[in-house]
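# A closer look at the structure
These are the residues of each chain, in order.
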Amino acid sequence: MHAERIRAFQRDLAGRLADRREPSPLGEGLFVDELPSVYDLNYLLADRGDADELRTEVERLMERFHHRKAVAYHEVDLGWPQQVHLVMERTRNADRRIDTSHVRAVPFDRIAPARLLDSETPELNDAQRRLPEAIDTTWLAAFDGDALAAWCHVRTRDGIAQIEDVNTLEPFRGRGHGRAVVQHAIEHAGDGVVFLEALEDDWPRELYAKIGFDAVDRKTHHIRGQHPLVPLRIRTPRLELRLPTVAELRELYDVAEAGIHDPDVMVFEVPWTDDLNVPDFLAYHREQLELTTRDDLHVNFVAFLDGRPIGVQGINTQSAGRVVTGSWLGAACQRRGYGTEMRSAILSFAFDVLGADVAQSGAFLENASSRNVSRKLGYREIGSHFVSPRGEPLEHVDLELRREDFTPLVEAEITGYRW
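Here we summarise the structure given alongside this text.

Calculation rules
- Counting from 1, residues in each chain are numbered in the order their sequence is written.
- Local features in a predicted model are, by the rule used here, given only for residues with pLDDT of at least 70; side-chain atom pairs are given and counted only at 80 or more, and totals for whole chains, interfaces and linings are based on all residues.
- For the side-chain quantities, the full set of heavy atoms in the structure was used; hydrogens and water were omitted.
- The helix and strand labels rest on DSSP assignments: H or I over at least four residues marks a helix, E over at least two residues marks a strand, and numbering proceeds from the N terminus.
- Three exposure classes are used, based on accessible area relative to the maximum for each residue type with a 1.4 Å probe and protein chains only: buried under 20%, partly exposed in between, and exposed over 50%.
- In what follows, a contact means two residues having at least one pair of non-hydrogen atoms within 4.5 Å.
- Accessible areas in this description were obtained via Shrake-Rupley with a 1.4 Å probe; residue shielding takes into account the shown protein chains only.
- In this charge count, Lys and Arg are treated as positive and Asp and Glu as negative; neither His nor the chain ends contribute.
- Lys charges are placed at NZ, Arg charges at CZ, Asp charges at CG and Glu charges at CD.
- Any two strands with at least two DSSP bridges between them are considered paired.
- Simply put, an axis is a line fit to the C-alpha atoms, just over the touching stretch for a helix, and the angle between two N-to-C directions goes from 0 to 180 degrees.
- Among buried residues, the Ala, Val, Leu, Ile, Met, Phe, Trp, Tyr and Cys ones that are joined through side-chain atoms within 4.5 Å form a nonpolar core.
- Criterion for a salt bridge: a side-chain nitrogen of Lys or Arg within 4 Å of a carboxyl oxygen of Asp or Glu.

## Description of the overall build of the protein
Helix and strand counts for the protein come out as eleven helices and 20 strands. If one aligns the C-alpha atoms of the protein with their principal axes, the spans along those axes are about 80 × 50 × 35 Å. Within the protein, the fraction of its 419 residues that count as buried is 50%. Within the protein, residue pairs in contact and separated by at least 24 positions form 65% of the contacts whose partners lie at least 6 positions apart. Of the accessible surface of the protein, which amounts to about 20400 Å², a share of 46% is contributed by carbon and sulfur atoms. Across the protein, the centroid of the 51 positively charged side chains sits 4 Å from that of the 71 negatively charged ones.

## Quick notes on the sheet that holds strand E12 (residues 233–235)
The strand order across the open sheet formed by nine strands is E18-E19-E17-E16-E15-E14-E13-E12-E20, and the pairing between neighbours is mixed. The two strands at the open ends of the sheet, each matched to only one other strand, are strand E18 (380–387) and strand E20 (413–415). Mean inter-strand twist for the sheet, computed between neighbouring axes without regard to direction, equals 25°.

## Description of the nonpolar core
Leu241, Phe301, Ile310, Ile315, Ile346 and Leu347 are the most contacted members of the largest nonpolar core, which has 34 residues in total. For this core, the secondary-structure elements that each account for two or more residues are strand E13 (239–242), strand E14 (298–305), strand E15 (308–319), strand E16 (322–329), helix H10 (338–353), helix H11 (368–377) and strand E19 (394–402). If you tally residues by element for this core, the top one is H10, at eight residues. Every residue in contact with Ile315, bar those within four places of it in the chain, is listed here: Leu297, His298, Val299, Phe301, Val323, Val324, Thr325, Ile346, Phe349, Ala350 and Leu354. If you look at the next biggest cluster of nonpolar residues, it comprises 30 residues, including Val87, Ile111, Val193 and Val216.

## Notes on the pairing of E14
Within E14, eight of the eight residues are buried, which leaves the element mostly enclosed by the surrounding structure. Here E14 shows two buried faces, one formed by His298, Asn300, Val302 and Phe304 and the other by Val299, Phe301, Ala303 and Leu305. Looking at chain direction, E13 and E14 are connected through four bridges and run antiparallel. Each bridged residue has a counterpart across the sheet, and for Leu241 the counterpart in E14 is Ala303.

## Observations concerning the pattern of salt bridges
Pairing of side chains with opposite charge becomes possible as their charged atoms draw close. Tallied over the full model, the rule gives 43 salt bridges. Across the pair Arg64 and Asp33 runs a salt bridge whose closest N-O atoms are separated by 3.7 Å. Residue Arg64 is located in the loop between helix H2 (51–61) and strand E4 (68–72), and its partner Asp33 is located in the loop between strand E2 (27–31) and strand E3 (43–46); the two are separated by 31 residues in the primary sequence. In this structure Asp33 comes out as partly exposed when scored by relative accessible area, which is 32%. Arg242 is the salt-bridge partner of Glu248, the closest N and O atoms lying 2.9 Å from each other.

Read these as layout, nothing more, since geometry by itself doesn't imply function.
Right, dumping it as structure tokens:
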């Protein structure tokens, strides 16, 4: 058996696929920044480290990404969802052979649409298209009549072949197409070491065992996936509202630190700008997102102008059919209409996508700019209350906008909402 040779093959291929390689005391970070949503191209390949060390290192290396991932050959539990992959080498003949005349080599674009039938990440196909640049790759497909039924591909280098991406479309399962493409792939690979991977807790490993594969190694993929709202984009003529990465939150902190309001006048009910620090700023955004569910939003979308963060447009679910919004802009971007654009966009999202009936907001009497934005959008005053952000009571005007009274002031393109 050739477990060490297979490990070396996989490490070499991972490095070839990466556009950016970051050295780490625990292994190596491997990244393709232009495909940030593809987990298999962006992760820490770990040789060592306990759970705390690995979590800390993954956080350091992956601030530009929304997910977190470590691949480790050693036993460790990061407290994240795990996928245990069995590395299975072909060590013997199959229990039986079947006809593979309906399997043939095809261009990748022949199977590309089928690969994404159940996927929300079109970048997965872009990742596949990178393979021939790094390694000799052949895609094989099984056909049921004229219909594509199953496929896989074979990666070969220096006498080692890996069979990967074995899939059978739902209508054609149970007809032997999966076995056929794997058997044909073995024949295509020829002499030498042939291996594939299978999830430890999934049934295909049993099929591979029948075809002649035995487990020779194992590795664990530790994955903390991205939040379901990450793909959401709310675009206006000048701005984009979306969830930020940690790296972008650090840029946003610099915007806040440069100034939001006159230091002598507090405009927030909670005076968070009086004690700005990076750890608390990052923690607040993280904790609010952790609280967010489909039916209970606590989301601080960051407003981006030409790819740079300029402020925040938040939205919270108060009760069924009712949302509360709040926002801030860095001083350098105020009085240019961005606040109105942000609020109009989030109201379009609230009413048109979430189905809200009422949106609430508010502002101190002294915060004329915020109240002007609300006035433009049709809010009406429904009362007021007093709060003391710095110890002295200040009157806070309560505002409300009903769906039927809302007329968008800017066009908002909303994409990627899948909840």
